[in-house]
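Listed here are the chains, written in short residue letters.
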Amino acid sequence: MLPLLVEHVAAARERLPEAVFRYFAGGSGDELSLGEAADAWRSYRLLPHVLRDVRRVDLTTRLLGEVYVSPVGVAPSGFQGLAHPDGELASGGAAGAAGHPFVLSTRSSHRLEAVAAAVGGPWWFQVYVMRDRSLTEALVRRAAAAGARALVLTGDTPVVGRKRHLTGTRIDLPDDAFLVNLAEHMGERPDRAAAEQDPGVTLEYVGRLAEVSGLPVLVKGVLRADDALACLDAGAAGVVVSTHGGRQLDRALPSALALPAVARAVGERGTVLVDGGIGDGLDCLVALALGADAVLLGRPVVWALAAGGREAVGGALAAVHDDLAHAMALAGAASLGAVDDSLVARPHG
C-alpha cells in the first residue's frame, strides 16, 4: 500500500470512534476474504517490455461512453458521513473535480441530488433491490433525473453478511441516517424492514432496472465466469468483480484471482471493473493487465475522508493515479491499450 494511504489509515484509526473504525475496517466471518484481498494482487509477477517510448503515459479511460482522466475510481461505500461530516459530498466532489469515476452508494449519508451536484460530472448509482421494490425504483428514477450515467446493481448481498465484531450485520444507525434517500418515499411511519435487501431478487431484475432508468446496468459482486455471462444475457452492460470488501461470503475467492476468468468470459461484450484490496499502482496495473477496464477504491477513500475530507480523498486518488502511470512507464506501456495479459504471470500457480 502506498505510504500516503497507510498514513490515512493511521489517521482514521486515531480520529474515528473505535466502533466506527471497526465497522469500516472489518469483514465477515473469520475475515479470511478480507485478509487475502491485498496479498492476491501481490501474488502476480510482471513481465515488462523494454525500449518503449514512455515519455508520456496516457491513462485516459472510456467507460460506457464517458471519458475519464484515469481508470482509478471510487467504489460505492455506504454511510460515509460516519467517516467525515461531508461524506459523499467530499468523496464525490474530489473524484468529479479530478475526472475520476465515482459510484454513489444507495446507503449514502447525503441525498443523491446533493452528491450529484458536488460531483459536477459523470457518476454512477449503486442499487440494492429492496423488499419494497417501489423504493428501489423511486431511487433509480431520481438518480437518472439527477444525472447518473449508469446503475451498479449489487448482486452479492441477498442478505447482509454477519460481522462478528458487530451486534448484527451493520453499525447501529438512527432512522434519519439510514433512510436519508428513502424516507420521503415511505410516508409518516418509515419501515426500515422494507428498505432491507430482497433475498428473492433474480437476474430478471437487470432488465427491469434498465427499463425504469433508461441507463446501462452493471452487476457488482460477480466472481464466476458463468454468472458474468448470465448477467450479460440478462441485459447487463458489464460486471464488477468484487467480494464486497470481504464483508459478504467469507472464504470467497479474492477478486484478483477471480478476475481473469470473468474478463475472458465477458470479452468484448461488456465492461469489467474490479475492486478489493487495491492499494497502489502496481495492483492497478495487474488488474488492468488481467482484463479490467477500471479499478475502484473502497476503504482507501473512506480512510482518506476520515484523515482530511475532500482534500485527502483527492490526494489519495492522485497518488494511486500517479503510481499507476509510473508503473506503466516501467512496464513499457505508454497507454492503457498497451496493457494486456502478456504483462502478468503467476509463478506459484
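This text goes with the structure placed above it.
Residues numbered from 1 in each chain as written. Predicted model: local features only at pLDDT ≥ 70, side-chain atom pairs only at ≥ 80, totals over all residues. Heavy atoms only, no water.

Trainee: Residue-level account of the environment of Gly332, with values.
Mentor: Looking at the secondary structure, you find Gly332 in the loop between helix H12 (299–331) and strand E12 (344–345). Overall, Gly332 belongs to the buried group, its relative accessible area being 10%. For the pair Gly332 and Pro48, spaced 284 residues apart in sequence, the C-alpha separation works out to 6.1 Å. Other than its neighbours up to four places away in sequence, Gly332 contacts His49, Arg52 and Val54. (Helix = DSSP H or I, 4+ residues; strand = E, 2+ residues; numbered from the N terminus. Buried < 20%, exposed > 50% of the residue type's maximum accessible area, 1.4 Å probe, protein only. Contact = heavy atoms within 4.5 Å.)

Trainee: An account of the pairing of strand E9 (residues 238–241) is requested, with residue identities and associated values reported.
Mentor: Of the two faces of E9, the one lined by Gly238 and Val240 and the one lined by Val239 and Val241 are each fully buried. Bridge count for strand E8 (residues 217–220) against E9 is three bridges, and the pairing is parallel. By the bridge assignment, Lys220 is partnered in E9 with Val240. Note on the crossover from E8 through helix H9 (residues 225–233) to E9: the handedness is right-handed. Here four bridges tie E9 to strand E10 (residues 271–275), and the two strands are oriented parallel to one another. (Pairing = 2+ DSSP bridges. Right-handed = clockwise from strand over helix to strand, strands pointing away.)

Trainee: Can you break down the pairing of strand E7 (residues 150–154) residue by residue, with the values?
Mentor: The buried fraction of E7 amounts to five of the five residues, a majority that puts the element mostly inside the structure. Burial along E7 is two-sided: Ala150, Val152 and Thr154 and Leu151 and Leu153, pointing in opposite directions, are all buried. Summarising the sheet, strand E6 (residues 124–127) and E7 pair through four bridges and their orientation is parallel. Paired with Gln126 across the two strands is Val152, which belongs to E7. Tracing the backbone out of E6, into helix H6 (residues 133–145) and back to the parallel element E7 gives a crossover that is right-handed. Relative to E8, E7 is paired through four bridges, and the arrangement is parallel. Within E8, the position partnered with Thr154 by the bridge is Lys220.

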